[in-house]
Amino acid sequence: MNDVVGRFKWVGTRPIRPDGVPKVTGRAMYAADLAMPGQLVGKILRSPHAHARIRSIDTSKAAALPGVKAVVVATDFPEQKFEYVGPERVAVNFWHVTRNVMAREKVLYEGHAVAAVAAIDAVTADEALSLIQVDYEVLPHVIDVDEAMKPDAPLLFEDMMTRGVEPAPTKPSNISKRLEFKIGDMDAGWAQADAIVEDTFKTAAVHQGYIEPHACVVRVDADGQTEVWSSSQGHFVVRALTAKLLNKAVGDVRCAPAEIGGGFGGKTVVYLEPVAALLSQKSGRPVKITMSRDEVFKATGPTSGGSMRVKMGVTKDGKITAAEGEFKFQAGAFPGSPVMNACLCAFAPYAIENAHSVGYDVVCNRPKSAAYRAPGSPISAFAVESVVDMLAKKIGMDPGELRRKNAAGPGTTMIYGPKLAHGGYLETVEACLNHPDYKKPLGPNQGRGIASGYWFNGGGESSATVQINADGTILVATGSPDIGGSRASMALMTAETFGVDYNQVRAIVADTASVGYTHVTGGSRVTFATGMAVVDACKKLVDDLRARAAMIWGVDAEGVIWEEGHAKPASSNVGDFPPMSLKEIAGKAALTGGPLTAAASVNAGGQAPGFSTQFCDVEVDPETGKVTILRFIVAQDVGKAIHPSYVEGQMQGGVVQGIGWALNEEYIYDQKGRLDNAGFLDYRCPVASDLPMIDTVMVEVPNPAHPYGAKGVGEVNICPPMAAIANAIENAVGVRMTELPMSPPRLRAALDAVRPKLAAD
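Residues numbered from 1 in each chain as written. Predicted model: local features only at pLDDT ≥ 70, side-chain atom pairs only at ≥ 80, totals over all residues. Heavy atoms only, no water.

### Considering the overall build of the chain
The number of helices and strands found in the chain is 20 helices and 26 strands. Taking 27 Å as the expected radius of gyration for a compact globule of 761 residues, we find that the chain reaches 28 Å, a close match to that expectation. Overall, the C-alpha framework of the chain stretches about 90 × 75 × 50 Å when taken along its three principal axes. Among the 761 residues that make up the chain, the fraction classed as buried is 60%. Expressed as a percentage of contacts within the chain between residues at least 6 apart in sequence, the contacts between residues at least 24 apart total 79%. Carbon and sulfur atoms make up 53% of the accessible area of the chain, which totals about 28,400 Å². The distance from the centre of the 74 positive side-chain charges to the centre of the 83 negative ones in the chain is 1 Å. (Helix = DSSP H or I, 4+ residues; strand = E, 2+ residues; numbered from the N terminus. Rg over C-alpha atoms; globule rule 2.2 N^0.38 Å. Buried < 20%, exposed > 50% of the residue type's maximum accessible area, 1.4 Å probe, protein only. Contact = heavy atoms within 4.5 Å. Areas by Shrake-Rupley, 256 points an atom, 1.4 Å probe, with all protein chains shown as cover. Lys, Arg positive; Asp, Glu negative; His and termini not counted. Charge placed at Lys NZ, Arg CZ, Asp CG, Glu CD.)

Structure, rendered in structure tokens:
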């Protein structure tokens, strides 16, 4: 184990990213860039209705069209058993998954896949789709989560009984599951409070907004061997899901990672790959499917919208005595919203002895929700961090000071039972309070807001192989698609472990047949878990290099140490040998035992959670309701920044997405349940002109469970911005916004509502 608080030669430096040149020159190969001989174009027919029963599908005319080589519908896919598989927080039901890939009994949202074709070109494929005749019985639909929970709401599934309720209900509803977590004595907590705040909040569904649409190329050989190239955050998961949905052996499916143009959690599931595989199997030719932007918005998972109630109590000297939250999340068409995460993360930054959270997973006629950067936590943080600010005002305490006074730390009991094992949160609060901008004066209609956030961070299964070439260069292969700079971090940790120059190391992402199983790039787990696998493999090779040097010198391996890329005698007693470099030993590998290679796999535990505290200044135009972000400061516990530039980029990127979530982004549906803004023109993501410079403060509280102190950094940064901005708006113009997005029309309406009251006062 390295000294995680020590200084390193390469870890913590900012070398050029390994994938930088091909990306800026346009030579990087994304899934939509791939082409194979004889390739067909796949297209998917999608539902125009939010909710409808499929009476029949007639594909005969499409199949007869010259140039069409295959047509598939849901019944071409094997049926899956109805059961929930895996840990509760991430349980999967393949009966639902296969119906999301291709609708069966009913379509459950506009854009739901109904049929697919493979043809010789896009024009023929489009014509074939127009020839498919679907007889729909249009049904009433429900979009809003509160409406979906009503007893008389249209049912997506006539047999869905709410899980987690005792006694079990006898009447079906759209509530898939109820969850509950509790610690302490709530009555005692409320009795201790001198001030109590309770309010309700709503957030809109928002998309991850990745620039690259979903795309894949699939080839199925005559013997059933299947090869997949796709845009994905986890090609091992693509392999597992594709094999499962087609009843193939996992070993018969090989998946290769293309470059990925953004995912943020939205590319951890499959939409196209099983469809393309079935089309390829039927046609005997490779099939390529690429989504349009319209399809991405209508048919892939945004994160949930939420409806929440939060109540918290505090003593007059600032101790939070009790906290209660009710969180109702849109799951979309199938169960599986991140409401459990919301329940667990909501109060996690704080040491609160009495806490209670209840969550509801609710289906509605929207695309199935997917992960989005700390899924669930940003939504509950918006509500909780708004209430924390309201508490601070009630007792006349600086809101940052209230957070510092109640900061969770090692030993704090979490709402789900275990005690927090790591620090880092208090340091982020203090970094903000000590920042020179925190006390800067503000002008008219300007306000400052602060908020905090928590995310679990992940560990889990990762694999790596390391090989040393004859010229001393090193190849590191992992199974983690590179989204946040993992190739650079793997190369840095490799260089540090061997004590060689960073430029001697090349890091790649290998396909599923070339490296051991590796879970998705998600959960802020890769630098931590895959990094552990890489370091383990490197350490095996260091021992091998020591043994080979010992063989050359004719001494025992225990008498050889490894320092700064060289084998050296441990002492003068071993012998007087000049240090032997890695390159020298590699050049003699054939004479000392053969190739220098090592592999390692881990199921990493010991991950530390992520904490972030942020503050921002805003200016509100009282005439239009437009909010301008003047400055944004983000402090985050990053453990040890392996590549600081990448870490800063993650912090800034999360804030940018949080700003969009706070001020502009939302799914807008018409009265028929059709999405009105399925494109970047009308779905308003922030652009550079909307944003200030985002000042990053990297707080380094190393994780002793990692060889270089790493903690995941990719997600917690998106948790605080929405509440920080809401708190700043309230301080600017005296209006508490409790619904997202806080768009100009909505804020202007809120201002108009309070102006008559202010005039009367």
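### Observations regarding the packing of helix α14 (residues 486-498) against helix α15 (residues 526-553)
It is at 9 Å that the axes of α14 and α15 come closest, and there the two elements cross at 30°. Judged by the inter-axis angle, α14 sits roughly parallel to α15. Between α14 and α15 lies a crossing whose hand is right-handed. Packed against α14, whose contacting residues are Ser486, Ser489, Met490, Met493, Thr494, Thr497 and Phe498, the element α15 presents Val526, Thr527, Thr530, Gly531, Val534, Val535, Cys538, Lys539, Leu541, Val542 and Leu545 at the interface. Per-class residue counts for the contact of α14 with α15 are 10 nonpolar, seven polar and one charged. (Axes fitted to C-alpha atoms, helices over the stretch in contact; angles between N-to-C directions. Parallel < 35°, antiparallel > 145°, perpendicular 65-115°, else oblique. Left-handed = near helix turned anticlockwise from the far one by under 90°. Nonpolar A, V, L, I, M, F, W, Y, C, P; charged D, E, K, R; others polar.)

### Structural notes on the pattern of salt bridges
All chains considered together, the criterion is met by 51 salt bridges. For the salt bridge of Arg631 with Asp437, the shortest nitrogen-to-oxygen distance reads 3.6 Å. Residue Arg631 is located in strand β25 (residues 627-637), and its partner Asp437 is located in the loop between α13 (425-433) and β16 (446-455); the two are separated by 194 residues in the primary sequence. On the accessibility criterion, Arg631 (22% relative accessible area) is partly exposed. Residue classification places Asp437 among the buried residues on the basis of a relative accessible area of 12%. Close ionic contact of Glu563 with Lys568 constitutes a salt bridge, the shortest N to O distance being 3.4 Å. Looking at Glu563, the relative accessible area reads 38%, which means it is partly exposed. Counted as one network, the salt bridges with shared partners bring together Arg17, Asp19, Lys23, Glu259, Asp482 and Arg487. (Salt bridge = Lys/Arg side-chain N within 4 Å of Asp/Glu carboxyl O.)

### What about the packing of aromatic side chains?
Under the defined criterion, the tally for this structure stands at 22 aromatic pairs. Centre to centre, the rings of Phe157 and Phe334 are 5.8 Å apart; their planes meet at 45°, and the pair counts as tilted. Linking Phe157 in the loop between α5 (145-148) and β7 (175-183) with Phe334 in the loop between β14 (320-332) and α10 (339-345), this pair joins segments that are 177 residues apart in sequence. Look at Phe157 and you get buried, because its relative accessible area is 9%. Phe334 gets classed as buried once you look at its relative accessible area, which sits at 2%. For the pair Phe297 and Tyr683, a centre-to-centre distance of 4.9 Å together with 45° between the ring planes defines the contact as tilted. Pair noted here: Phe297 is in helix α9 (residues 293-299) and Tyr683 is in the loop between α18 (644-663) and β26 (694-699), with a separation of 386 residues, a long-range link. (Phe/Tyr/Trp six-rings, centres within 6.5 Å; stacked < 30°, edge-to-face > 60°.)

### What about the environment of Val697?
Here Val697 shows up in strand β26. When its relative accessible area of 22% is taken as the criterion, Val697 is described as partly exposed. For Val697 and Val634, which are 63 residues apart along the polypeptide, the C-alpha to C-alpha distance reads 6.0 Å. With residues up to four places along the chain from it excluded, the contact list for Val697 reads Ala431, His435, Ile633, Val634, Ala635, Gln636 and Met651.

### Overview of the nonpolar core
By size, the foremost hydrophobic cluster in this structure holds 108 residues, and its most contacted members are Met312, Phe347, Val618, Val620, Ile725, Ile729 and Met742. Ranked by residues supplied to this core, first place goes to helix α11 (residues 377-395) with 11 residues. Val534, Leu596, Ala598 and Ala710 belong to the second largest nonpolar core, which has 51 residues in total. (Core = buried A, V, L, I, M, F, W, Y, C linked by side-chain atoms within 4.5 Å.)

### Some details on the pairing of strand β9 (residues 215-220)
Among the six residues of β9, five are classified as buried, and the element is accordingly described as predominantly covered. Sheet topology places β9 next to strand β12 (residues 287-290); four bridges connect them, and they run antiparallel. Within β12, the position partnered with Val217 by the bridge is Lys288. Bridge count between β9 and strand β10 (residues 226-230): five bridges; the pairing is antiparallel. Note that in β10 the partner of Val217 across the bridge is Trp229. Counting the residues between successive antiparallel strands, the hairpin from β9 to β10 contains five residues, one of them, Gly224, with a positive phi of roughly 90°. (Pairing = 2+ DSSP bridges.)

In short, shape yes, function no, at least from these values alone.
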